[in-house]
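# Residue-level structural notes
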Amino acid sequence: MEEDRKFALDRRAFGKMLGLAGPAAAMGSVGGITRAAAAEGDWKAWIQAYFGKPVKIAVTCYNTSNPYFLPTKVGAEDAGAQLGIDQQWTGVPDANTVNQIQQFQQLVNTGYQAIVVIPLEADAWIAPIKKATDAGVIVVTANSDSPQSARELFFGQDLVGAAVAQGEMLAKLAGNKGKVALTNCAPGLLALDLRVQGAKEGAAKGGLEVVNVYNTNPADMASELSTVKDILKANPDLAALMPLCGPDTAAAGLVRKEMGLKQPIVGTDLMYQTLELIRDGHIDGTVGQQPYLQGYLPVMYAYQRAILAAPKLELPGGNYFMANEIVTKENVETFLVREKRFQG
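To keep things clear, this report deals only with the structure shown in the data block. (Residues numbered from 1 in each chain as written. Predicted model: local features only at pLDDT ≥ 70, side-chain atom pairs only at ≥ 80, totals over all residues. Heavy atoms only, no water.)

### Some details on the overall build of the protein chain
Looking only at helices and strands, one finds 14 helices and 12 strands in the protein chain. A total of 344 residues make up the protein chain; the buried ones form 55% of that total. Residue pairs at least 24 apart in sequence account for 73% of intrachain contacts in the protein chain once pairs closer than 6 positions are excluded. When the accessible surface of the protein chain is summed, it comes to about 14,600 Å², and 51% of that surface belongs to carbon and sulfur atoms. (Helix = DSSP H or I, 4+ residues; strand = E, 2+ residues; numbered from the N terminus. Buried < 20%, exposed > 50% of the residue type's maximum accessible area, 1.4 Å probe, protein only. Contact = heavy atoms within 4.5 Å. Areas by Shrake-Rupley, 256 points an atom, 1.4 Å probe, with all protein chains shown as cover.)

The structure is reproduced here in structure tokens:
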């Protein structure tokens, strides 16, 4: 895991590692089509003329109703627009893995050359991804992973490493002593299991005692607020709060604001409400995982693999880790400007 954590690559490094200057440069005069001809015509039509059929890349998400994934959707759509391909954002709104897999199989059967999967249940995806890759479809995962599947790469956060950093940051704010409560908005999801693992490790390294991991309902903010209040009531001597999901983080900040509390809070993700609460002093910090790039980069990679026949990118564990984004009151204004684009 420590070796894996070294591979937090930016977009420029990604392109350099592939050895490609861009789609047009990579294609050059392949098949007798010159750069000049490409420049004169429509890029999308040119690619289809060369490739012989429409270029289709899809992203399927296990919870399209979750506002966290709006930047991911925009990132995928931006990549599709820049490449001039048929890019589809799809999935299910309710975390129904059976329905999502059925939809995935339809994408395979209708000629999608590459598919980015954002899965909920890791093991349930092993067989369908194997069937798709056997049929010649490039499959990668993003945000959450199915590491035992035949997916080619995972694009997302080193969830253990990020949570370790989160725990250590929180412990320092709490004076490296006392009790801390964690929250989990998706128990059983591999991504959250890894985050809980890292949070416990980071808190222990910083001298904090984890009293419990409390499950939350991210689809219901009233329930979130009630859960945070219940946590505080059950642990009156709590020294700090470590929410491990975006809605949990915002809820913790709202409760601290309402009740005039002083316990430090370091959470996760870049929900706009969270950023506003950091700006106003009700949350101390959050650890972002670059959701926009979790949509943008997989589509770009899948295109270069499926359409330009670029070599497979070999990374430890097949993990393309995004750099963590640590947001505090000192730098939150930059993120407020950037994330404004993704507000409704």
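From this point, the narrative continues.
### A few points about the sheet that holds strand β3 (residues 114-118)
Here 6 strands make up an open sheet; going across it, the order is β2-β1-β3-β4-β5-β11 and the pairing parallel. Either end of the sheet is taken by a strand with one partner, and the two such strands are β2 (86-91) and β11 (319-322). On average, adjacent strands in this sheet sit at an angle of 20 degrees to one another, irrespective of strand direction. Summarising the sheet, strand β1 (residues 56-61) and β3 pair through 5 bridges and their orientation is parallel. The residue bridging Ile-57 from the neighbouring strand is Ala-114, located in β3. (Pairing = 2+ DSSP bridges. Axes fitted to C-alpha atoms, helices over the stretch in contact; angles between N-to-C directions.)

### Digging into the packing of aromatic side chains
Counted according to the given criterion, the structure contains 7 aromatic pairs. Look at Tyr-62 and Phe-69: their rings are 5.7 Å apart centre to centre, the planes differ by 85 degrees, and that puts the pair in the edge-to-face class. Ring geometry for Tyr-292 and Tyr-296: centres 5.9 Å apart, planes at 20 degrees, overall stacked. Linking Tyr-292 with Tyr-296, this pair stays in helix α13 (residues 291-306), spanning 4 residues, or about one helical turn. With relative accessibility at 18%, the residue Tyr-292 sits in the buried group. Chaining the aromatic ring pairs together yields one cluster made of Tyr-62, Tyr-68 and Phe-69. (Phe/Tyr/Trp six-rings, centres within 6.5 Å; stacked < 30°, edge-to-face > 60°.)

### As for the sheet that holds strand β8 (residues 238-242)
Sheets are built from strands paired through backbone hydrogen bonds, the pairs being either parallel or antiparallel. Ordered in space as β7-β6-β8, the 3 strands form an open sheet in which the pairing is parallel. In this open sheet, the two edge strands, each paired with only one partner strand, are β7 (209-215) and β8. Taken pair by pair, the neighbouring strands of this sheet meet at an average axis angle of 25 degrees, ignoring direction. In terms of strand pairing, strand β6 (residues 179-184) meets β8 through 4 bridges, oriented parallel. Each residue of the ladder has a partner; that of Lys-179, found in β8, is Leu-238. Of the strands in this sheet, β6 and β8 touch helix α8 (residues 159-173), which is tilted by about 150 degrees from β8. Taken strand by strand, helix α10 (residues 221-234) contacts β6, β7 and β8, and its axis lies near 155 degrees from that of β8.

### Examining unusual backbone geometry
Non-glycine residue Ala-95 carries a positive phi angle of around 60 degrees. Position of Ala-95 relative to the elements: it lies in the loop between β2 and α6 (97-109). Using a relative accessible area of 27% as the deciding quantity, one classes Ala-95 as partly exposed. With a phi close to 70 degrees, Asn-143 is a non-glycine residue in the positive phi region. Relative to the helices and strands, Asn-143 resides in the loop between β4 (138-142) and β5 (154-157).

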